[in-house]
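# Reading the structure
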Amino acid sequence: MQKKNIVIAGSGFAGTSAFRRLNRYRGTLVKYGYEIILIDEKDDFEFIPMLPDLIGGWLDPARLRSSNSELASQYGCSFIKGRIDALDPERKMVSIGVQNINYEYLIISTGSCTNFFNNQLVQASCRKVDTIADALNIKEELSAIASKKGEVDVVVIGGGYTGIESATNIRWLFRREGTVRCHVTMVEKAPDILMAVPEWMRKEAHKELEGLGVIMICGDSLKSYDGRTVNLESGRSIKADICLWTAGVKLSPYLDGLKAEKERTRIKVTPTLKIKEPKYDNIFVAGDTANFQDNDTALAIRMAVMFSMGQGKVAAENIVRSISNKRLIEYRAVDLGYLIPMAHGKATGIVLGRRVHGLLGYLLHYCMCIYRSEWKNMFGIVKDLTAKMAGSAVKKRGRVQ
């Protein structure tokens, strides 16, 4: 029997969840002649939510990696390393360079990438935080500048989750040293940081950022950066050894030509996670790529790990159901809450409908990160986090004395 491919594009939280769920049905898939292929441009799955912690220098990068090829071989499936250059839904094919891969079913779970809004100069001069390599490069560059000058000036463009976590981790990195002057300025185009969250959360975040010495400029945006000076649209100039861009995300470029309804750089999907156009009946979308509308609020759910993992599982279930001619199931978003951790040991957010702030929120954030990590990485994260918090406690006692 000729093999038919189920292709999973992207090995993030949605993609790996789909991969594992499909492998629960290996017997059914083998019976119908299907093979699973996982595609990603990186060798490893990377735990993206903790990338800012690498900038802070307290976490071993090995804790955030797990091998895609090992995962695939463990289940007797295929892993192809490569960046998808094109998608041809009519021919049911994805392309990686000159290699064409046919599929019977496709799960699009490539997430999002940094959006520079077609500003090539900004893209060339600013740093981003998309991968482990990005985070480590930023840390190394900051450390090199600090050792040479004895001080470092950083501008973070974007006052969202990633911008705040990165800014506080940069402050933490040099606060530990105690000998390097570090100036961090955050620039947000909107009237305030974290505009998508309740006002009380914004106030808490403001208080913590101000306590850490992070300067916030709202209602302004980046005009240019020449490697030494950030120039804002208002005419203001800020000295910057590094300019970190965290101001937006977009779909992977290979999806630009996909004739599907999109909203805010995400593909609109049905409750069963199919693309709304009937001609794409064999394509499912999961994770940050999907614009899934919550029926209760009539709003698209935010980008979050718990939603990505749940959608990956439902997409996989629906492929098996399609093969078996069974009724598809609908994805139901269960929102446990969200937290914005800051590197000095505090977090603010909502958990199970209740307001959370301070050390409790911080610990809850990392409990969820540990829970969602691979077994081999869990102990390492606990070890590194414990060492960080113990070191912080010693410093506080030293200041009191």
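One can find the structure itself at the top, above this paragraph.
Procedures and definitions
- Residues numbered from 1 in each chain as written.
- Predicted model: local features only at pLDDT ≥ 70, side-chain atom pairs only at ≥ 80, totals over all residues.
- Heavy atoms only, no water.
- Pairing = 2+ DSSP bridges.
- Helix = DSSP H or I, 4+ residues; strand = E, 2+ residues; numbered from the N terminus.
- Axes fitted to C-alpha atoms, helices over the stretch in contact; angles between N-to-C directions.
- Contact = heavy atoms within 4.5 Å.
- Expected span 1.5 Å × (residues − 1).
- Buried < 20%, exposed > 50% of the residue type's maximum accessible area, 1.4 Å probe, protein only.
- Left-handed = near helix turned anticlockwise from the far one by under 90°.
- Nonpolar A, V, L, I, M, F, W, Y, C, P; charged D, E, K, R; others polar.
- 1 Å grid on protein atoms, 1.4 Å probe; cavity = no way out; pocket = protein on both sides within 12 Å on 5 of 7 lines; lining within 4 Å.
- Points joined across faces, edges and corners; volume = space filled by probe spheres on them.
- Lys, Arg positive; Asp, Glu negative; His and termini not counted.
- Salt bridge = Lys/Arg side-chain N within 4 Å of Asp/Glu carboxyl O.

## Section: the sheet that holds strand E11 (residues 151-157)
The strand order E13-E12-E11-E17 describes an open sheet built from four strands, whose pairing is parallel. Each of the sheet's edge strands pairs with one partner strand only, and the pair in question is strand E13 (214-218) and strand E17 (242-245). Sheet twist, expressed as the mean angle between neighbouring strand axes with direction ignored, is 20 degrees. Direction of pairing for E11 relative to E17: parallel, over a ladder of four bridges. Pairing of Ile157 across the sheet is with Trp245, part of E17. Sheet contacts for helix H6 (residues 132-149): E11 and E17; angle to E11, the most-contacted strand, approximately 145 degrees.

## Description of helix H8 (residues 199-211)
Taking 1.5 Å per residue, 13 residues should reach 18 Å; H8 reaches 18 Å between its end C-alpha atoms and fits that length. Trp200, Met201, Arg202, Glu204, Ala205, His206, Glu208 and Leu209 are the residues of H8 that are buried. Of the residues flanking the end of H8, it is Gly213, one or two places downstream, whose phi is positive at about 85 degrees.

## Focus on the packing of helix H1 (residues 13-22) against helix H9 (residues 305-323)
Closest axis-to-axis distance for the H1/H9 pair is 7 Å, and the angle between their directions is 40 degrees. Along this stretch, H1 crosses H9, giving a crossing that reads as right-handed. In this structure, H1 contributes Phe13, Ala14, Ser17, Ala18, Arg21 and Leu22 to the contact, and H9 contributes Val305, Ser308, Met309, Gly312, Lys313, Ala316, Glu317, Ile319 and Val320. Considering only residue class, the contact of H1 with H9 consists of nine nonpolar, three polar and three charged.

## Here we look at the layout of surface pockets
In this structure, the second largest pocket encloses a volume near 940 Å³. For the second largest pocket, the lining is made up of 32 residues, of which Ser17, Arg20, Met309, Lys313 and Arg372 are closest to its centre. For the lining of the second largest pocket, the secondary-structure elements that each account for two or more residues are H1, strand E4 (65-67), helix H4 (68-74), H9, helix H10 (359-371) and helix H11 (375-400). Counting residues per element, the lining of the second largest pocket draws most heavily on H9, at six residues. Of the residues that constitute the lining of the second largest pocket, the class distribution is 15 nonpolar, eight polar and nine charged.

## Regarding unusual backbone geometry
Although it is not a glycine, Asn325 adopts a positive phi angle of roughly 60 degrees. Along the chain, Asn325 turns up in the loop between H9 and strand E25 (337-342). A relative accessible area of 73% places Asn325 in the exposed class. Even without being glycine, Leu352 reaches a positive phi, approximately 50 degrees. Here Leu352 is to be found in the loop between strand E26 (346-351) and strand E27 (354-358). Residue Leu352 is classed as exposed on the basis of its relative accessible area of 64%.

## Digging into the side chain of Glu46
Locating Glu46 in the fold gives a position in strand E3 (residues 44-46). The buried charged residue Glu46 lacks any salt bridge, with Lys42 as its nearest oppositely charged partner at 4.8 Å. When sequence neighbours within four positions are dropped, the list of residues in contact with Glu46 reads Leu64, Thr131 and Ile132.

## What about the sheet that holds strand E6 (residues 86-88)?
Spatially, the three strands line up as an open sheet ordered E6-E7-E8, and their pairing is antiparallel. Of all the strands in the sheet, just E6 and strand E8 (99-102) have a single pairing partner and so form its edges. Shown here is a sheet whose adjacent strand axes are inclined to one another by a mean of 20 degrees, direction ignored. As paired elements, E6 and strand E7 (residues 93-96) share three bridges and run antiparallel to each other. Bridge pairing in E7 links Leu87 to Val94.

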